[in-house]
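Read off the chains here:
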Amino acid sequence: MTAVSVLVVLTSMTFKVPETAVSVFLVLFLQKPDSATTVLMSIALSVLLPTIVGIIFAAAILTLDFPQARVAAMVLLSFGILWLASASKLGALGNTIGLVLAYGLDLLGKGNNGELVTRGLLYALQFSMMPLAVLVAFNLPFGRHPERLARKALADRLRLAAACFENPSRADDIRVVDLDDGAIRKLVRLAGLLGRLQRTSAARLGALTPVSRALLIRLAAGGDAQQTVDRADLGARCRDLAQAVEHGRPTIGVAGPAAQPGDALGDLVTEAEDAFASGRAAPKPKTAKSGFLKPDAFSNPDHVRYALKTTFAAMACYLIYAILDWPGIHTCMITCFVGSLLTVGETNRKLVLRLSGCLIGATLGLATLVYVLPHIDGITGLLVVVAAVVLPSAWVVVGSERISYMGIQIAFAFCLCVLQGFALKTDLTVARDRIIGIVFGDLVIFLVATRLYPVPILPELEATVHRFLAGIRGLVAREETGPVGQHPDPGAVEALERLRDQIDALAYEPGDGPERTRAATDILDAGERLYERAARIGSLAAEHRPPAVADARAMAAAVDEAMHEADDPEAPARGGTDVAGFAEAWRTLRSDAARRHAHA
């Protein structure tokens, strides 16, 4: 990320491409852990941006001489795109499109004639398309290719299985909740799209993915009564398979000995070898495909309210800096588009990250303007300064998702202060105005989100809890369909990740008391314990072991009761220990959140 950012700055200064800070922002926003996702997103945005500029051109023809019509066009386009961002899979990209449309129409009002407007829009296309080209050119030869990442992930699984065979105590290190087949399948699919993985190799990796997960779950489950299993031989076979997977060898040599009757672990190792050798995977259960729009796109009023309140905040900022004739604080309108989310907690969390990142980046930028830039007289020194700040910022971006946005904001605020054209400048006015704009935009969106129409995150949290329990129910109800690990996870892991994100956002909603942190920790710990136990029970029940089948049926019944009683705060905690612990933690968290929301 640092290398691409430095190349973008060098290109901007060499060819005099304006708005270098925006170009660096696009780099940090679009660079993903694997090169394929980055390249595909860059190509998609390269197709989308000319379309957006074309819409702005069409609006310019109709509204260039009519300021009122231009403002009306900004309102209508912003509302439509923001509604689509909330009601469809467009997501955060819709906010970015709305921002570009609104800011592009704002620039129309600053041009004295059509030629200046056209030139400005073409420059906007230039500084947004250039970093996309640099991203593609850098990631194709030097990026982290998805095929290599997928092979490494599968090889690590097999080596962990080998370690467990050689030392049974290592099975305690297996975290079933971290075994994400979806991520590996995505890497394999992306490698195929870029032509970096042959169809047969993709089939082998895809077939091995669910079997390797099933093997680790079965090792974590323990309870192996077969004492004659040659664990050393199974471990060696897993290590040989890991070598074959990592180095891309099409075959694994001589097949291992046949498993003894009743040896589930031996069967899984043999099945893993056969899956990689043949590329034949178990048939996947059919799942209903979801469309582009969400099921409640036209029935849920929250989508309309989200679009209305975000448009209101952005237009309020626009009118204020237009009336004051203070275009330097135009970043307040940008803040409204990128900082507004549906619920109060999510919005406040985004604003805290944006404000803290802005203050850190602005402080570094001002210090650079005063103490560093006066002693620099060439492009090399500027690139070193940019790299010195972008590197730690990028380290934050690729770290925890809870604070990754702050890293983007640190680098963006720093570049806004330092990169003021194509020559070294030490004008503090530009930095001051842009920082004031960000802080003012944060204030406006905070007031709108918490006072105009506050939306608590608790209803979404309840829906996520129900999805998680339904996923747990699916894990322990598969004794008739083969090993649990050889089928897609029924949504439990995805729901648990969403639950973790929502609980983190819940902490940013108005309220008091340290008990919310304790309740949040309790429910996440209970959820992980419940998932781990459900996966283990499901794996043993798939072998039709009477104790495990009884445990699976008992847990399924307990989950059914918990799902029916999840909305009853007075319901007693019944069923198995893990299910009861999760249900009790959920009731405590919900009661605390409802009390704090009512108090606020």
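Every value quoted in this text rests on a predicted model; they were computed, and no experiment measured them.

Parameters at a glance
Residues numbered from 1 in each chain as written. Predicted model: local features only at pLDDT ≥ 70, side-chain atom pairs only at ≥ 80, totals over all residues. Heavy atoms only, no water. Salt bridge = Lys/Arg side-chain N within 4 Å of Asp/Glu carboxyl O. Helix = DSSP H or I, 4+ residues; strand = E, 2+ residues; numbered from the N terminus. Phe/Tyr/Trp six-rings, centres within 6.5 Å; stacked < 30°, edge-to-face > 60°. Buried < 20%, exposed > 50% of the residue type's maximum accessible area, 1.4 Å probe, protein only. Lys NZ or Arg CZ within 6 Å of the ring centre and 35° of its normal.

J.: Describe the pattern of salt bridges, and please don't skip the residues or the numbers.
T.: All told, the structure shown has 25 salt bridges when counted by the stated rule. In this structure, the salt-bridge partner of Glu528 is Arg175, at a minimum N-O distance of 3.4 Å. Here the residue Glu528 occupies a position in helix H20 (residues 515-541), and Arg175 occupies one in the loop between helix H7 (146-166) and helix H8 (181-193), the gap between them amounting to 353 residues. As a salt-bridge pair, Glu532 and Arg536 come within 2.6 Å of each other at their nearest N and O atoms.

J.: Describe the packing of aromatic side chains, listing the residues and the values that go with them.
T.: The full count for this structure, using the stated rule, is 6 aromatic pairs. Geometrically, the ring pair formed by Phe25 and Phe29 is stacked, given 6.0 Å between the ring centres and 10 degrees between the ring planes. Of this pair, Phe25 and Phe29 both sit in helix H2 (residues 20-30), 4 residues apart, roughly one helical turn. With a relative accessible area of 29%, Phe29 lands in the partly exposed category. Ring geometry for Phe25 against Phe412: centres 5.1 Å apart, planes inclined by 50 degrees, an arrangement best described as tilted. Residue Phe25 is located in helix H2, and its partner Phe412 is located in helix H16 (residues 404-418); the two are separated by 387 residues in the primary sequence. The same class applies to Phe25 and to Phe412, which are both buried. Over the face of the ring belonging to Phe29 we find Lys32, whose NZ or CZ atom lies 5.7 Å from the ring centre. When the ring centre of Tyr405 is taken as origin, the NZ or CZ atom of Lys350, which lies over that ring, is 4.6 Å away.

J.: Could you give an account of unusual backbone geometry, naming the residues involved and the relevant values?
T.: Phi is positive for Glu19, which is not a glycine, with a value near 55 degrees. The topology assignment puts Glu19 in the loop between helix H1 (2-15) and H2. On the accessibility criterion, Glu19 (33% relative accessible area) is partly exposed. The phi torsion at Asp325 lies on the positive side, around 55 degrees, for a residue other than glycine.

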